[in-house]
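Per-entry structural report
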Amino acid sequence: MIPVMKNKPVLAGLLAILAGTSVGIFPALAQNATYITAFRNQSLTKHNSYRATHHSPNLTANTTLNQGAQDWAKYLADNGKFEHSTSTQRNGAGENLYVYYTTGTIGATSLADKGVASWYNEVSKYDYNNPGFSSATGHFTQVVWKSSTQLGCGVAQGKKVINSTNFNAYYVVCRYNPAGNVQGQFPQNVLKP
């Protein structure tokens, strides 16, 4: 976990382990352009749906953020890692991470829905009476952060062996500009539904 510092964005990664039903070898679906485009479109739609609930304006897609997020997702998939890029690597943008493990495959829109929903579902732990950063709610607060205006997402498929089982690992990265989770700015950026 990255410590909270005044006026510095703080985000945390999220790990989700979900098993599919069949074992086999599948093509790298998450690396083809059609899959990535569908994933990005659904991620933007899902973000904006949640943001509307919290009186935040719609995010718009940003090509530079998309490319950076895609490059980082590919790095994670290629190296079997689950870690944030540095603030410098992402030019100060905020970042949420998600990984989905399955012995099968997952469609682009389903993956986008699961990833964004996993971040948003932290809303149940957020205390509007004591607004601020918590590692338990940092994904949610970034998703709905009112001052963030641009979104870029990427997805890449890798492999992971867990307890002697081979999994397809779908790495999801979304980046936000300007970054959310700035200490002292929670009351005006994370609004009650």
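Up top is the structure.
Cut-offs applied
- Residues numbered from 1 in each chain as written.
- Predicted model: local features only at pLDDT ≥ 70, side-chain atom pairs only at ≥ 80, totals over all residues.
- Heavy atoms only, no water.
- Helix = DSSP H or I, 4+ residues; strand = E, 2+ residues; numbered from the N terminus.
- Expected span 1.5 Å × (residues − 1).
- Buried < 20%, exposed > 50% of the residue type's maximum accessible area, 1.4 Å probe, protein only.
- Contact = heavy atoms within 4.5 Å.
- Polar contact = N/O pair within 3.5 Å; in protein donor to acceptor, adjacent residues only side chain to side chain.
- Axes fitted to C-alpha atoms, helices over the stretch in contact; angles between N-to-C directions.
- Left-handed = near helix turned anticlockwise from the far one by under 90°.
- Nonpolar A, V, L, I, M, F, W, Y, C, P; charged D, E, K, R; others polar.
- Salt bridge = Lys/Arg side-chain N within 4 Å of Asp/Glu carboxyl O.

What follows is about helix α2 (residues 63–79). Given a rise of 1.5 Å per residue, 17 residues ought to cover 24 Å, and the 24 Å separating the end C-alpha atoms of α2 matches this to within 8%. Every buried residue belonging to α2 is among L65, N66, G68, A69, Q70, W72, A73, L76 and A77, and all of these are buried. Of the surrounding secondary structure, the elements contacted by the buried residues of α2 are α1 (33–53), β2 (60–61), β3 (94–102), β4 (150–162) and β5 (165–177). With a side-chain oxygen positioned 2.9 Å from the backbone nitrogen of T64, the residue opening α2 is N62.

Here the focus is the packing of α1 against helix α3 (residues 108–120). A pair of packed helices can be characterised by two numbers: the angle between their axes and the separation between those axes. For the pair α1 and α3, the least separation of the axes is 8 Å and the interaxial angle reads 35°. The crossing of α1 and α3 is right-handed. Packed against α1, whose contacting residues are Y35, A38, F39, Q42, S43, K46, H47, Y50 and T53, the element α3 presents A108, T109, L111, A112, D113, V116, A117, W119 and Y120 at the interface. Tallied by class, the residues present in the contact of α1 with α3 amount to 11 nonpolar, five polar and two charged.

This structure, assessed with the given rule, holds three salt bridges. In this structure, the salt-bridge partner of E95 is R90, at a minimum N-O distance of 3.5 Å. Each member of the pair, E95 as well as R90, carries the same accessibility label: buried. Taking the shortest distance from any N to any O, the salt bridge between E95 and R175 comes out at 3.0 Å. Of this pair, E95 sits in strand β3 while R175 sits in strand β5; the two residues are 80 residues apart in sequence, bridging distant segments of the chain. You'll find E95 and R175 in the same group, each marked buried. The network of salt bridges with shared partners includes R90, E95 and R175.

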